[in-house]
Amino acid sequence: MTTTSTSRGRRRAPTRMRRAAGRAAALQKPRVILALLVLLGLTSVMLLDGYLRAEVGGDERVRTGASSSEVPDRIIDGGPILTFRGGRATTVSVPKKTIALTFDDGPNPTYTPQVLKILAENDVPATFFLVGSMVSRYPGIVRDMVQQGSEVGIHTFTHVDLSYQSDARVDREMEQTQLALAGAAGITTTLFRAPYSSETDAIDNYSWPVYKRLGQEGYTSVFVDTDSDDWKKPGVSKIVGWATPKGTSGAAVLMHDAGGDREQTIKALPKYIKRMKAKGYTFTTVSGVIEQRNAGGGRTAAPAVAGARSGNGPNGQAAQDGSATGRLQAAHRKATGATLYEGKALIVAVAVAEYALPVLSAGLIVVGVAVMGRFGMMVILARRHYRQRNRRRFGWGPPVTRPVSVIVPAYNEKECIANTLESLSRSSHPIEIIVVDDGSTDGTSEIAREAAYALGMTNVRVIRQENGGKPAALNNGVRSASCDIVVMMDGDTVFEPETVRQLVQPFADPGIGAVAGNAKVGNRNTIIGAWQHIEYVMGFNLDRRMYDLLRCMPTIPGAIGAFRREAVLQVGGMSEDTLAEDTDITIAMHRAGWRVVYQEHARAWTEAPGSLKQLWSQRYRWSYGTMQALWKHRKSLTDKGPSGRFGRVGMPLVVIFQIVTPVCAPLIDVFTAYSMIFVDFTAALLAWLAVLAVQLGCAAYAFGLDREKYRYLLMMPLQQLAYRQMMYLVLIHSCITALTGGRLRWQKLKRTGEVATPAGVS
């Protein structure tokens, strides 16, 4: 905050307005950051959900036909369980008359509970090799699985062929699955089965280094020696037959509880269990197999500890308790410390993504329908408005020829005020001009007087006041006006000669209390200017045609508007309660029973913000002020008569089309970008182009109605990619400011004075 000093060198305390401005400025940066964080949060939720569904980071490559020359023969010819105790690779076979029943690719919310029920009914344990992304989505199933006595192992997080992946990706796949298990069931595991693996003789020179590396970290890799091939859906009898080992041999049997339609597996499983029990077989887990082999060899069961690199195993407490169930789950480790809490955080984050994405998707559909419906309604009503107002016989009543007062509020407008007065000097309608200098420090009032003198204008009054804001300046002008109709314009705006005459003609109708003019962007030959030009023609003016017919015009632009003086005084003048005084008084007019119309032929040329920073500042004030005005007049929703009409027609339209829809609109762009990158680029691109074509068609129609040059529409695709995103952030920023109770003051934009006359605009 700065202070000023007097000519004697004494320091003077900042004024109340300066202190308020300083506090407002201090609050804006955190709110901008919060607005960005909101959008980042939406993107993160989508990326997390896409990662869980293997749409992000998915890799469907499966290696086949590679050499196994570097794999020891004893491993290729060994049993289905591979350990690296003491750094030496060793395989373990399943004992005779024993089945290590394993399931891959789960958990699945449909089939895994059915498998668990069948296992419980037959008192059979099994080992489930789980995909981490599925664990994080269905933690309850995993918790039931562990409590029931079954054992779990890692099947990577996204079901990728690890032989294609970097060491960092391998670590990430293992660590994330361990975290998912920790969050779901409070355990980690030492067991691992690689996706797309089968028997040990399928180990090749690319996958062998992965198994060695994981073995050195304490993992036990599990293969199969009897595959049911249930994923082929060959029929129940074949699944049972293919899962049956020859003679009395033991077997590590593979089935699937997820990854597709598993109805045949569900039907085959109870038959298979009964058949094997009838043959004298017992069922156990992978840890149970290792327990039996260790006991038979005179060694105690001490499965290796997995996760040495990730920190998920060495610090974990052994989950087994010496009971039968504990021995069957010897590979489990109790998750503690950071692993446990990070795992729970992962489960919560996934739950949020799981519930948020359907909501966001539904919101996307609603937003899309609303946007398309708005376009359709605008085009239909705008066409009707154009035909109605441009008929030869159309008229408002007897011509309005009496003088009117033009009020020009000005604050530091030295670059523009002379051009504004010059344009008014050519007015074809009799006017008095009241320039209200709102405490300018750049000599605006002197420049205005000099310009009026040079132009020979005797109808100009310059009023100076202490800086009080635009509403105070306008109210001062209204009180000083001598005419019953007042025209309000900005100090950076220029009128055409016919503008005032066209603007006041609707007052021939005694029921009309205010008229909105047609604001044009004068400095449109820059990229930012061209973007705003498109927005003014398509958004503001096309909207106003629609609102005019519906008799619920929400805003009379500050750049060009006309009012009955008595109507302004009736509603209390320009209010300082909001930052959008133009929206505030327009709604107040409706509630007081006055009609507000749009006059397309009354054109004003205004200087739009020339930089992104100024544009953000202006639109932020507009958006926030509109929300303030709507909240201020919320009681119109339950009022009767004209006030109730605006409340039940105009206010919902403004809320839906100017707040809710734009706030939700980033979903369309985020989903589109997401789909282009991770799902189907061609389909997403075509959908985006289709929406762009609809918008381009509406814009072209609006340009045709306003007789504008179509060449500016070439900037529209870039506008959709850059400018629109900024407007979304501005609106989100405004919503956050409103929700946090922040307040802003009237902000002065830097002007250049380049908008001189309409003739200078191409």
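Before any of the text, the structure's been laid out above.
Reading the values: rules and limits
- Residues numbered from 1 in each chain as written.
- Predicted model: local features only at pLDDT ≥ 70, side-chain atom pairs only at ≥ 80, totals over all residues.
- Heavy atoms only, no water.
- Pairing = 2+ DSSP bridges.
- Helix = DSSP H or I, 4+ residues; strand = E, 2+ residues; numbered from the N terminus.
- Axes fitted to C-alpha atoms, helices over the stretch in contact; angles between N-to-C directions.
- Contact = heavy atoms within 4.5 Å.
- Salt bridge = Lys/Arg side-chain N within 4 Å of Asp/Glu carboxyl O.
- Buried < 20%, exposed > 50% of the residue type's maximum accessible area, 1.4 Å probe, protein only.
- Patch = residues over 30% accessible without salt bridge, like charges linked within 9 Å, V, L, I, M, F, W, Y side chains within 5 Å.
- Areas by Shrake-Rupley, 256 points an atom, 1.4 Å probe, with all protein chains shown as cover.
- Polar contact = N/O pair within 3.5 Å; in protein donor to acceptor, adjacent residues only side chain to side chain.
- Arc of directions from axis to C-beta.
- Right-handed = clockwise from strand over helix to strand, strands pointing away.

Spatial ordering of the open sheet is given by 18-17-16-19-22-21-23-20, a layout of 8 strands whose pairing is mixed. The sheet is open, and its two edges are formed by strand 18 (460-465) and strand 20 (493-495), each paired on a single side. The sheet shows a mean angle of 30° between the axes of neighbouring strands, direction not considered. Relative to strand 23 (residues 595-606), strand 20 runs antiparallel, the two sharing 3 bridges. Following the sheet pairing, Phe-495 is matched in strand 23 by Ala-604. Strands strand 21 (512-521), strand 22 (561-564) and strand 23 of the sheet are contacted by helix 19 (residues 581-591), whose axis makes an angle of about 155° with strand 23.

Moving on: the pattern of salt bridges. Taken as a whole and judged by the stated rule, the model has 24 salt bridges. Asp-490 serves as the salt-bridge partner of Lys-470, at 2.8 Å between the closest nitrogen and oxygen. One end of the pair, Lys-470, is in helix 15 (residues 470-480); the other, Asp-490, is in the loop between strand 19 (485-488) and strand 20, with 20 residues separating them in the sequence. One salt bridge in this structure joins Lys-520 and Glu-708, with 2.7 Å as the shortest N-O distance. With a gap of 188 residues between them, Lys-520 in strand 21 and Glu-708 in the loop between helix 23 (681-705) and helix 24 (716-740) connect regions that are remote in the sequence. Each member of the pair Lys-520 and Glu-708 is classed as buried. By sharing partners, the salt bridges in this structure join Lys-520, Arg-524, Arg-545, Glu-600, Asp-706 and Glu-708 into a single network.

On the surface, Met-372, Val-691 and Val-694 cluster together to form a nonpolar patch covering roughly 190 Å² of accessible area. Using a relative accessible area of 34% as the deciding quantity, one classes Met-372 as partly exposed.

With respect to the secondary-structure elements, Thr-493 resides in strand 20. Among the polar contacts made by the side chain of Thr-493, one reaches the side chain of Asp-492 at a distance of 3.3 Å.

Where helix 3 (residues 112-121) is concerned, the buried positions are Thr-112, Val-115, Leu-116, Ile-118 and Leu-119. Considered in projection along helix 3, the buried side chains sweep an arc of 160° and stay on one side of the axis. Among the exposed residues of helix 3, those oriented more than 90 degrees off its buried face are Lys-117 and Glu-121. Buried residues in helix 3 make contact with strand 5 (98-106), strand 6 (127-130), helix 5 (139-148) and helix 9 (263-278). Once helix 3 ends, the next one or two residues include Asp-123, with phi positive near 55°.

This next bit is on the pairing of strand 12 (residues 251-256). Within strand 12, 6 of the 6 residues are buried, which leaves the element mostly enclosed by the surrounding structure. Neither face of strand 12 is exposed, since Ala-251, Val-253 and Met-255 on one face and Ala-252, Leu-254 and His-256 on the opposite face are all buried. Of the strand pairs in this sheet, strand 11 (residues 226-227) and strand 12 are connected by 2 bridges, and their pairing is parallel. Looking at strand 12, one finds that Thr-226 is bridged to Val-253. In the classification by handedness, the crossover that spans strand 11, the intervening helix 8 (residues 236-242) and the parallel strand 12 is right-handed.

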